[in-house]
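# Notes for the structure review
In case you want the letters, here they are:
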Amino acid sequence: YDFNVSYCLIQPFLGAQVAYNYRDPIHENHQDQFGLKLRRFDWTSASSRLGLHASVCNIVDFFDGSLDLAWDQMYTSSKNSTKGQFYDFGESFCVCGNKIDKTSIDYALTISKNVANCVNGYVQFEGQWSQHALTNGFILGVDGSF
């Protein structure tokens, strides 16, 4: 359902997200006693997303803007690890990835402007916030239809 508030269109959303990560085994080329081999890695995550998309047209000098906010809840294990072992000595050991929080807030703020017929330039600030991590990104781009 869409909400029109003054010059702003607000669109709530609910969705599901499934991600799959895969990596082949890794074997170091130098197979001396310190040579390392890592087993195959695969990890699947499933989460739900609840949020809203808000967009405004012709803010100032025909700039358009949008804001996306979403609450992300992971339902699968946040453990992403694999086993490693040196070629000539020692027991196998666990190589753990970053521990991912089960709950996070994702955001994206985009400002765009029509720069030519059917071509838009845009800048986007995006990221994810959780209890143990904060990521931010910046994208500058051009899109269009020809």
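One can find the structure itself at the top, above this paragraph.
The structure reproduced in this document is the subject of the present report. (Residues numbered from 1 in each chain as written. Predicted model: local features only at pLDDT ≥ 70, side-chain atom pairs only at ≥ 80, totals over all residues. Heavy atoms only, no water.)

## Thoughts on the pairing of strand β6 (residues 63-74)
Of the strand pairs in this sheet, strand β5 (residues 41-56) and β6 are connected by ten bridges, and their pairing is antiparallel. Counterpart to A54 in the pairing with β6 is L67. The turn joining β5 and β6, which pair antiparallel and follow one another in sequence, is formed by six residues; a positive phi near 55 degrees is taken by N58. For β6 and strand β9 (residues 103-116), the ladder comprises eleven bridges, and the chain directions are antiparallel. From the neighbouring strand, L67 faces β9, where its bridge partner is L109. (Pairing = 2+ DSSP bridges. Helix = DSSP H or I, 4+ residues; strand = E, 2+ residues; numbered from the N terminus.)

## Topic: the packing of aromatic side chains
Throughout the structure, instances matching the rule amount to one aromatic pair. Cation over ring: K113 sits above F63, and NZ or CZ is 5.3 Å from the ring centre. (Phe/Tyr/Trp six-rings, centres within 6.5 Å; stacked < 30°, edge-to-face > 60°. Lys NZ or Arg CZ within 6 Å of the ring centre and 35° of its normal.)

## A closer look at the environment of G144
Relative to the elements of secondary structure, G144 occurs in strand β11 (residues 134-144). G144 sits 24 residues away from N120 along the chain, and the two C-alpha atoms are 6.0 Å apart. Leave out the neighbours within four places in its chain, and G144 touches C118 and V119. (Contact = heavy atoms within 4.5 Å.)

## Focus: the pattern of salt bridges
Taken as a whole and assessed by the stated rule, the structure comprises two salt bridges. When the shortest N-O distance is used, the salt bridge between D72 and R49 registers 3.8 Å. Highlighted residues: D72 in strand β6 and R49 in strand β5, separated in sequence by 23 residues. By the burial criterion, D72 is buried, and R49 matches it. One salt bridge connects D106 with R49, and the closest N-O pair in it is separated by 2.5 Å. Of the two residues, D106 is situated in strand β9 and R49 in strand β5; the sequence distance between them amounts to 57 residues. (Salt bridge = Lys/Arg side-chain N within 4 Å of Asp/Glu carboxyl O. Buried < 20%, exposed > 50% of the residue type's maximum accessible area, 1.4 Å probe, protein only.)

## Points about unusual backbone geometry
For C118, which is not glycine, the phi dihedral falls at a positive 65 degrees. Overall, the relative accessible area of 40% leaves C118 in the partly exposed class.

## As for the sheet that holds strand β4 (residues 36-38)
Sheet architecture is open: four strands sit in the order β3-β4-β7-β8, paired in antiparallel fashion. In this open sheet, the two strands that pair with only one neighbour each are β3 (26-27) and β8 (93-96). With two bridges connecting them, β3 and β4 associate as antiparallel partners. Counterpart to H27 in the pairing with β4 is K37.

## Description of the environment of Y1
Looking at the element boundaries, Y1 is found in the segment before β1 (3-5). By relative accessible area, Y1 is classed as exposed at 75%.

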